[in-house]
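Coordinates in review
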Amino acid sequence: MQNRTPRIPQEPVPIRAEPDAGLTAELTAVVTGARRRALRDGDRHIDTAHLLHSLIESDPGARAVFDGGAQLAKVLGYLVQRSIGYGLRWQGSVEDSGAVPVVTDPGAAVSDPGTEGWSPTAASAMAEARVRAARRGDGKAGGLDLLAALAADHECRAVAVLERAGVDAARLAARAVRASERG
């Protein structure tokens, strides 16, 4: 289905810097999907809602920790509505849960939160996913690591969507951690 809402033309800003070192191939695909979604939606930064949307669409392990198909459908419904109503207040703004300062220097290191093309909160979630994997002794972060990191940040856009859909984010984070520890 095509979005028929006219877009106000914005100067395109390339979403190019990737804090994606140390990710599984599957999670790298999630990041690629989030980048595509942000560009298509005319957003200047990949944010946590882009990551959540791509994660749910691409990762069966992440989908499995939700309370079934009805809950997933409701979350996806809100994520899809982002570009046609729900979430439009986010358009044109950078997500920042206050955990890290916004970095505007285009020469910033790729691993720095707030890297060009990423909201500080999304970059922080990616870093936290890597930390979670390292604690487990795994060299690469996977989808469940990212889902746990997203659901644990109660100030991020992904959690706003989850809560709007009736998902207990803390419970979801705990389930993602347990599932990732089981392998």
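Residues numbered from 1 in each chain as written. Predicted model: local features only at pLDDT ≥ 70, side-chain atom pairs only at ≥ 80, totals over all residues. Heavy atoms only, no water.

On to the overall build of the protein chain. Broken down by element type, the protein chain carries 8 helices and 0 strands. Listing each helix as α and each strand as β along the protein chain from the N terminus yields α-α-α-α-α-α-α-α. Restricting to contacts in the protein chain with at least 6 residues of sequence separation, those with at least 24 account for 66%. (Helix = DSSP H or I, 4+ residues; strand = E, 2+ residues; numbered from the N terminus. Contact = heavy atoms within 4.5 Å.)

Bringing the nonpolar core into the picture now. Core analysis: the biggest nonpolar cluster contains 46 residues, and Leu51, Leu52, Phe66, Val75, Leu146, Leu147 and Leu162 have the highest contact counts within it. Secondary structure elements with two or more residues in this core: helix H1 (25–41), helix H2 (48–58), helix H4 (69–81), helix H5 (120–135), helix H6 (143–152), helix H7 (157–164) and helix H8 (169–182). When residues of this core are assigned to their parent elements, the largest contribution, 7 residues, is made by H6. Setting aside residues up to four positions removed in sequence, Leu147 forms contacts with Leu52, Leu55, Ala62, Val65, Phe66, Leu172 and Ala176. (Core = buried A, V, L, I, M, F, W, Y, C linked by side-chain atoms within 4.5 Å. Buried < 20%, exposed > 50% of the residue type's maximum accessible area, 1.4 Å probe, protein only.)

For side chains bearing opposite charge, pairing can occur when the charged atoms are close. With the rule as written, the count across this model stands at 8 salt bridges. Arg136 is the partner of Asp145 in a salt bridge, and the nearest nitrogen-oxygen pair spans 2.4 Å. A relative accessible area of 3% means that Asp145 is categorised as buried. Counted as one network, the salt bridges with shared partners bring together Asp67, Arg171 and Arg175. (Salt bridge = Lys/Arg side-chain N within 4 Å of Asp/Glu carboxyl O.)

Once that is clear, we can look at H2. The buried count for H2 comes to 9 of 11 residues, which makes it a mostly enclosed element. Every buried residue belonging to H2 is among Thr48, Ala49, His50, Leu51, Leu52, His53, Ser54, Leu55 and Ile56, and all of these are buried.

Below, the discussion takes up the environment of Val31. Take Val31: it is sitting in helix H1. Owing to a relative accessible area of 1%, Val31 belongs among the buried residues under this scheme.

On to the side chain of His53. Counting through the fold element by element, His53 comes out in helix H2. With relative accessibility at 4%, the residue His53 sits in the buried group. Here His53 is in contact with Arg37, Leu76, Leu79 and Val80, once residues within four sequence places are set aside.

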